[in-house]
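Next come the chains, spelled out residue by residue.
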Amino acid sequence: MESTFKELSGESVLDLQDKTGIGGGVEDVYGEDRASQDQPITPWTVSVASGYSLLRDPRHNKGLAFTDKERDAHYLTGLLPPVVLSQELQEKRLMHNMRQYEVPLHRYIAMIDLQERNEKLFYKLLMDNVEELLPVVYTPTVGEACQKYGSIFKHPQGLYISLKEKGKILEVLKNWPEKSIQVIVVTDGERILGLGDLGCQGMGIPVGKLSLYTALGGVRPSVCLPITIDVGTNNKKLLEDEFYIGLRQNRATGQEYAELLEEFMSAVKQNYGEKVLVQFEDFANHNAFDLLAKYRTTHLVFNDDIQGTASVVLAGLVSALKLVGNFSRSHFLIPGCWRAELIALKISKETNVPLEETRKKIWLVDSKGLIVCSRKGSLQHFKVPWAHEHEPVKELLDAVKEIKPTVLIGTSGVGRTFTKEVVEAMASINQKPLILALSNPTSQSECTAEEAYTWSEGRAIFASGSPFQPVEYNGNKFVPGQANNAYIFPGFGLGLIMSGTVRVHDDLLLAASEALANQATEENYAKGLIYPPFTNTRRISANIAANVAAKAYELGLASRLPRPKDLVNFAESCMYTPVYRSYR
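- With an unreviewed UniProt entry as reference, the chain is termed Malic enzyme, source organism Sesamum latifolium.
- The record held by UniProt for the chain lists under Function (unreviewed entry) the comment "The chloroplastic ME isoform decarboxylates malate shuttled from neighboring mesophyll cells. The CO(2) released is then refixed by ribulose-bisphosphate carboxylase. This pathway eliminates the photorespiratory loss of CO(2) that occurs in most plants."
- Taken verbatim from the UniProt record of the chain, the Sequence similarities (unreviewed entry) comment is "Belongs to the malic enzymes family."

Encoded structure:
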């Protein structure tokens, strides 16, 4: 895939008559931005919400936090017990209840139930307890939720577009109640985390990702749209499951699939405009790379599995290699068909060496072994640039011994591939081997944190896709980092939205990586962490958004004019705040 951005052709995509509120994309209809949080609002739905309907509206419901004055004004008297609780006390009670659940899936269900009845309290709870609740609403628990989505399904949380809607997708989009959408996360469910084809039940992924867009990145929930495109499933177990919620047929492929996606992408642009961000999520590799290549020059698209993973890993590498050596002199071995282009691009920019040369520092491994030139005739097109001159090597352990990499990055979705022998080989080559086991959920991780530290005799710098607990080894406590895409995509998306960016350029991804890497501190390094803690994610996202927006303005891709003077402050002012508002 070309790393340079192709020139846009045809009529201008810049909409200089920007009907934006302070959020940069659409008007702040519901008073959700931080800059307007002190202003009293009217709880509008179709009409002013009041009485029982107000208690059933998740955007405006405050539960027992409605004041006596609000209860009188909005016909709530008698519909609630007489006590008035603060939002903080509601939050304390909910966390107490949440901790009583021993099964993570039960916590997930409780969080989804809260989101459906009290939106602000859901996001306040998630933001204030992000390290504890992130594994509940995101990986690893969301994986189990998707596997059992048909059984736990209660209320639709997004838009379902199936083959039955072919020819009328625009009409389906117009059925969604919100008309001004800024971010769409869409999946076809074929490669959900490392769990494979879950068909229509992959909806848990777009819902979870967009929850993090709001909680971590401050993007308003009212402008977020989760979508699942149902083209069937090849998962025999699901097709035979009486509770399965999707089409009961094998997956459509080829022209039928391509035509449905083309109609979808055209309808999205027609209905929501040029600047709506479409994030592809958990598509199988054979479709993911093709869709990104096809639409990156005509739509504002982003693939989190390819570009988001690349960006968060690059940030971790830049951060970690400050401890272990020169980034541009390192060699990388990557089991999995992962987009390594961003690493090569970073090295190229640092050293002024052509991209074709810097790619040679990066070796990929797939199910057939090391990707080498002698295999070019049988490789998928996106693997060809990574085929280097070398004898064929089948096993990962042998590849480690041959290539002698500084960094081992796992993205294959196959668990336990970083065996004791592989980690020991990395430790024999490097004083501080950098091992990133990124596959999700936890069950599919290439190795555990304990294994990485134990087998390397406590010398490994380790990060994973899903969280692991701290590890005690030889009297030392090691805190494993989490190379979680949630560091990148919320702030990256906010940066695109607030600047009115019209296309994603690779330099924007580099800007996001650099902003994240710069926020790791000496205190983090002392604990073995190569990423900053999640406790300050709003600030992290604001800095990433500002860096991305600055690069977009520099490249002439931003349409929101004039450029704000202080992009970090502007990003923070745009962020959704889940604090209860006073109602007139």
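**Some remarks on the packing of helix α21 (residues 506-517) against helix α23 (residues 537-555)**
1) Next: The N-to-C vectors of α21 and α23 enclose an angle of 145°; their axes lie 8 Å apart at closest approach. For the pair α21 and α23, the sense of crossing is right-handed. Between α21 and α23, the contacting residues are Asp507, Leu508, Ala511, Ala512, Glu514, Ala515 and Leu516 on the first element and Ile540, Asn543, Ile544, Asn547, Val548, Lys551, Ala552 and Leu555 on the second.
2) Next: A class-by-class count of the residues in the contact of α21 with α23 yields 10 nonpolar, 2 polar and 3 charged.

**Some words on the nonpolar core**
1) Next: Core analysis: the biggest nonpolar cluster contains 117 residues, and Leu317 and Phe492 have the highest contact counts within it.
2) Next: With 9 residues, α23 is the largest single contributor of residues to this core.
3) Next: Phe492 has contacts with Phe302, Val504, Leu508, Leu509, Ala512, Ile544 and Val548, leaving out every residue within four places of it along the chain.
4) Next: With 36 residues, the next largest nonpolar core counts Leu225, Tyr272, Leu291 and Val301 among its residues.

**Notes on the pairing of strand β9 (residues 407-410)**
1) Next: The side-chain alternation of β9 yields two buried faces, one formed by Val407 and Ile409 and the other by Leu408 and Gly410.
2) Next: Bridge count between strand β6 (residues 332-335) and β9: 2 bridges; the pairing is parallel. Each residue of the ladder has a partner; that of Leu333, found in β9, is Leu408.
3) Next: The pairing of β9 with strand β10 (residues 434-437) spans 4 bridges and is parallel.

Quick notes on the rules
Sequence positions are assigned chain by chain, starting from 1 and proceeding in written order. Predicted model: local features are reported for residues with pLDDT of at least 70 only, side-chain atom pairs are reported and counted for 80 or more only, and whole-chain, interface and lining totals are derived from all residues. No hydrogens and no water enter the side-chain calculation; it runs on all heavy atoms of the structure. UniProt positions are given in the numbering used here, feature names are shortened, and annotations may be inferred rather than shown by experiment. Orientation is described by lines fitted to C-alpha atoms, with helices fitted over the stretch in contact, and by angles between N-to-C directions that extend from 0 to 180 degrees. By definition, any uninterrupted DSSP run of H or I lasting at least four residues is a helix, any uninterrupted run of E lasting at least two residues is a strand, and each is numbered from the N terminus. Take the far helix as the reference: if the near one is turned anticlockwise from it by less than a right angle, the crossing is left-handed, and if turned clockwise, right-handed. Here a residue-residue contact requires only that any non-hydrogen atoms of the pair lie within 4.5 Å. For this classification, Asp, Glu, Lys and Arg are treated as charged, while Ala, Val, Leu, Ile, Met, Phe, Trp, Tyr, Cys and Pro are nonpolar and the rest, including Gly, are polar. Residues belong to a common nonpolar core when they are buried Ala, Val, Leu, Ile, Met, Phe, Trp, Tyr or Cys residues joined through side-chain atoms within 4.5 Å. For each residue, the accessible area found with a 1.4 Å probe, counting protein chains only, is set against the maximum for its type, and the residue is called buried under 20%, exposed over 50%, and partly exposed in between. When DSSP finds two or more bridges between two strands, those strands count as paired.

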